[in-house]
Amino acid sequence: MEIADLKARHPDHFAKATALRMLAIDAVQAANSGHPGMPMGMADVATVLFSNHLKFDASQPHWPDRDRFVLSAGHGSMLIYGLLHLTGYEQMSIGEIANFRQKGARTAGHPEYGHAEGIETTTGPLGAGLATAVGMAMGEASMQARYGKKIVDHHTYVIAGDGCLMEGISQEAIALAGKQRLGKLIVLWDDNGITIDGAVSLSDTTDQMSRFEASGWSVFSCDGHDPAAIDRAIAQAKQSPLPSLIDCKTHIGFGSPSKQDSSAAHGAPMGVEEIKKIRAIFDWPHKPFIIPAKIAADWRKVGARGQSEAAAWTERKAALSAGKQAEFDRIIAGDPPKRLSAAIKALKKQISAEAPKMATRKSSETVLKVINKIMPETIGGSADLTGSNNTLTEGMGFFDETNRKGRYINYGIREHGMAAAMNGLALHGGCAPYGGTFMVFTDYMRGAMRLSSLMGLRVPYVLTHDSIGLGEDGPTHQPVEHLAMMRATPNLNVFRPADTVETAESWELAMTSKTTPSALALTRQGLPTVRTEHKTKNLTAQGAYVLADADGKRRVILLASGSEVEIALKARDILQARGIGTRVVSMPCWELFAAQDEAYRKRVLPAGPVRVGVEAASRLGWDRWLTGERGKHNKAAFVGMESFGASAPINELYEMFGITAENVAAKAEALL
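These numbers were taken from a predicted model, which means no experiment stands behind them.

What counts, and at which threshold
Residues numbered from 1 in each chain as written. Predicted model: local features only at pLDDT ≥ 70, side-chain atom pairs only at ≥ 80, totals over all residues. Heavy atoms only, no water. Helix = DSSP H or I, 4+ residues; strand = E, 2+ residues; numbered from the N terminus. Rg over C-alpha atoms; globule rule 2.2 N^0.38 Å. Buried < 20%, exposed > 50% of the residue type's maximum accessible area, 1.4 Å probe, protein only. Contact = heavy atoms within 4.5 Å. Areas by Shrake-Rupley, 256 points an atom, 1.4 Å probe, with all protein chains shown as cover. Pairing = 2+ DSSP bridges. Axes fitted to C-alpha atoms, helices over the stretch in contact; angles between N-to-C directions. Parallel < 35°, antiparallel > 145°, perpendicular 65-115°, else oblique. Left-handed = near helix turned anticlockwise from the far one by under 90°. Nonpolar A, V, L, I, M, F, W, Y, C, P; charged D, E, K, R; others polar. Core = buried A, V, L, I, M, F, W, Y, C linked by side-chain atoms within 4.5 Å. Expected span 1.5 Å × (residues − 1).

J.: What is the right way to look at the overall build of the protein chain in this model?
T.: Tallying secondary structure elements over the protein chain gives 27 helices and 21 strands in all. For the protein chain, the C-alpha radius of gyration of 28 Å lies close to 26 Å, the compact-globule estimate for 672 residues. A principal-axis box enclosing the C-alpha atoms of the protein chain has dimensions of 95 × 55 × 45 Å. Taken over 672 residues, the protein chain has a buried fraction of 62%. A separation threshold of at least 6 residues defines the contact pool for the protein chain, and within that pool the share at least 24 residues apart is 78%. Accessible surface, the protein chain as shown: approximately 24400 Å² in total, 51% of it carbon and sulfur.

J.: Is there a simple way to think about the sheet that holds strand β20 (residues 610–614) in this case?
T.: Note: strands within a sheet are paired through backbone hydrogen bonds, in either parallel or antiparallel orientation. Overall, mixed pairing links the 5 strands, which are arranged β17-β19-β18-β20-β21 in an open sheet. Edge strands, defined here as strands with exactly one partner in the open sheet, are β17 (545–548) and β21 (636–639). Across the sheet, the mean angle separating the axes of adjacent strands is 30° when strand polarity is ignored.

J.: When you look at the packing of helix α18 (residues 415–428) against helix α19 (residues 442–455) in this model, what are you seeing that I'm missing?
T.: Helix packing geometry: the angle between the two helix axes and the distance between the axes. Viewed as axis vectors pointing N to C, α18 and α19 meet at an angle of 20°, and their least axial separation amounts to 6 Å. Taken together, α18 and α19 sit at an angle that is classed as roughly parallel. Considering the relative orientation of α18 and α19, their crossing is left-handed. From α18, Glu415, His416, Met418, Ala419, Ala420, Asn423 and Leu427 reach across to α19, where they touch Tyr444, Met445, Gly447, Ala448, Leu451, Ser452 and Met455. For the contact of α18 with α19, the class distribution of residues is 9 nonpolar, 4 polar and 1 charged.

J.: Teacher, can you tell me more about the nonpolar core here?
T.: Grouped burial of nonpolar side chains is what soluble globular proteins tend to show. Counting residues in hydrophobic clusters, the biggest one holds 69 residues, and the most contacted among them are Phe50, Phe69, Met78, Leu79, Tyr81, Leu188 and Ile246. For this core, the element with the highest residue contribution is helix α2 (residues 11–31), accounting for 11 residues. If we ignore the near neighbours within four places in the chain, the residues touching Phe50 are Phe56, Phe69, Leu83, Thr87, Trp299, Val302 and Arg305. Counting 66 residues, the second-largest nonpolar core is a separate cluster that includes Trp63, Met136, Ile169 and Met455.

J.: Is there a simple way to explain the packing of α2 against helix α12 (residues 293–304) in this structure?
T.: Where α2 contacts α12, the axes come no closer than 10 Å and their chain directions differ by 95°. Taken together, the axes of α2 and α12 are roughly perpendicular relative to one another. Where α2 abuts α12, its residues Asp12, Ala15, Lys16 and Ala19 lie against Lys294, Ile295, Asp298, Trp299 and Val302. Considering only residue class, the contact of α2 with α12 consists of 5 nonpolar, no polar and 4 charged.

J.: What should I look at first to understand helix α8 (residues 168–180) in this one?
T.: Residues spaced three or four apart along an α-helix face the same direction, because each turn holds 3.6 residues. For α8, spanning 13 residues, the distance from its first C-alpha to its last is 19 Å, which sits close to the expected 18 Å at 1.5 Å a residue. If you check which residues of α8 are buried, you get Ile169, Ser170, Ala173, Ile174, Ala175, Leu176, Ala177, Gly178 and Gln180. Residues of α8 that are buried make contact with α6 (128–147), α7 (162–166), β3 (185–191), α9 (208–214), β10 (408–410) and α18.

J.: Please explain the sheet that holds β3 as it appears in this structure.
T.: The 5 strands lie next to each other as β1-β2-β3-β7-β6, forming an open sheet whose pairing is parallel. Both edges of this open sheet fall to β1 (68–71) and β6 (218–223), since each of them pairs with a single strand only. Averaged over neighbouring strand pairs, the angle between their axes works out to 20° when direction is ignored. Across 4 bridges, the pairing between β1 and strand β2 (residues 156–161) is parallel.

Printed below as a string of C-alpha cells:
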C-alpha cells in the first residue's frame, strides 16, 4: 500500500505508525549510528500487532501470562524501544529514546535483556531471537500443561528478517518447532529483499514459504504496509494448530525518497536533508522526540488494553490453592526448593560411604535422579545423545505434541538450536532447562552459550566425553581447547568434577545460580571417589580446595581438575614415598575460586612450594594459578595436551600424551 492510500484509508493507524517510524529515524540520526530502515519498514506490522493482538499490560511488564514479543532482527532495536516508550513502559522514557546508543542508556545498539522491562531476550546475532522464541513457546506449552489454560495461555510473536532466516540456526529452530507443533508461535517475516551487501538475490534463492511449510509450519502472506491485511494474517495464524510464518512484504526505509528499497537504508542515519523530505512525505512537522498529545494518548490506550485481562488473571490465580500459588510463584522466580540442599547432602553422604567408581556422566545422572524428583520445573534434553549424556531420569516423560506434561525434549542433532531453546525456556520462567551433548560440540552452540552468559540465565550445559579419556572416537571428538574457550567466557561457571561428590556439589550450584549459566564437563571413563570423608559443606562452591595435604614439609602443590585429580593423588603417593611433602588441590571451578577472598586463595596456594598443573586439555589459562597467585615461572610446570588427541584406547592415550602420575611426579621433582 502506498503512503497516500495508507493515510487516507487508515488515518489512526497511519498516525501511530508514523510516530513509531519518526522515533526510530530521529534517534538514529541523533546517535549518528544505528539501523533505521527496518523500523521504518516494519512499523505498520508492529503497530497492528501491538494494537490488535499482543496481550500485555505496560504497567505490569512481568505479568506471567503476557504474550512474548521477540525482535529477532535486533539491529532494528529502535522499533522495540519506540514501542515500549509509546505504550507506556515506565523504564523507556523519551530521554532514553533520545539517548539511543549512548553510554549508560537502556537503549543499547541491540536489545539487551535486563536493560529495560519489555525486552524479553537479547538479540543481535541473527537467528538467535527466533531460536530462543521456540524455547519460550515450549515453556508456555509446558506451563499450561501443569497449571491449565486459565493460568497459562499466551502467544509468542517474533519479528525476523532475511538474515535471521539465512543463519543455520534458523533451520534447527523451525524444524524443532514444526515437530513440536507449537501453534502459539507466530513469526512475522520482514520480507524486504535487502541485506547489507544489496539484494537478497545476490546470495540466496530459497523459497522460504516452501521451506517453512516443509518443516511443519502454516504459512501466510500479506502486504506489510496494509493494516487490514496484516490483521487478517495474524488472526489466521492464531487459529492454526501449527507454528506460523507470515510473509510480510515490506519496503526497507519505507518513505525515504532516495533510500527506500536499498541497502543504504539499512545501517546508517538517513541524513538531515533526507529526514526533511521524509517528514514532508509523512506530514510530520513535529520536532525530534515530540509526539502530539492525541497520538501519544492513542498509543497509551494500546499499552493499557491488557489491564482488564491481567486483573482477571490475578483473580483466577488467587482461586488456586495456597500451595499451588506458592509453587507457581517459586518456579516463576527461579528459586530452588528448600529441600534441594538436604537432598544433595544426603546423596553426598551416601556416595562418600559407598565410594563407587563411576564416570562423572553417570554421576550426573545419579544427581539428576534426586533433583528431578523434587524440582518439577526441570526440563531436560539432549542433542540426540541421551544414552551417552545420561540426561534422562525415570518418570520424566517426553515433551512433545502429544504430551506437554513430559519433561524431556528430544532436540535431535541440533546443538545450537537446543542451547537457544534452553535460553528461551529459562527466559519464559517456570522452567529449569538443562541439556546435554559431547563437550567438543560446544563449537556448534557457542553463540547461544555466550548469550546465556550475557543475559545471566540459569542454564546448565551437560558436556560429556570431556577429554582424550573418551578414547577411540579420536581427535574429532576429543576436546582440547574447549575448557579454555569456556573459561574465557565472562559469567560462565565451568565445573569439572573429580568424582560423584563433586558432581553433586556442582549440580547444586548450577541449580541455585540464578544469574549464571553452568557448564558441567563430565567424563566417559570411570573415576574413583576421591571425597571419601563426608563434608556437609559444599567445597566445590569454593572453586578449589585442599583435597590431600602434605605429610611433612610442603614442597610441592599439585593442581588438577576432573579425571586428572586421580592422577595427581597417585603422583602425590610417589612423591611422598620419596620424602617430598605434596599437597593436592582439586580445582572443580576456576571461576568460583577466583571469586574467593585473597586470604582463602593464599591458604590454598601459599608461596614457596613448586606447582604442577594437571589437566587433559590446553595449558591456556593455567598460568594464572601456576605462576600467578604467589607462584613463580621457574617453579611451575604443566602436564596436559599440546596437540589434538588420537584414536586409541584410553589407557594408551594417557600414556602417549604423558598424562601419568609418574610424569607428574618427575616434573615436580625436576623443579625442586
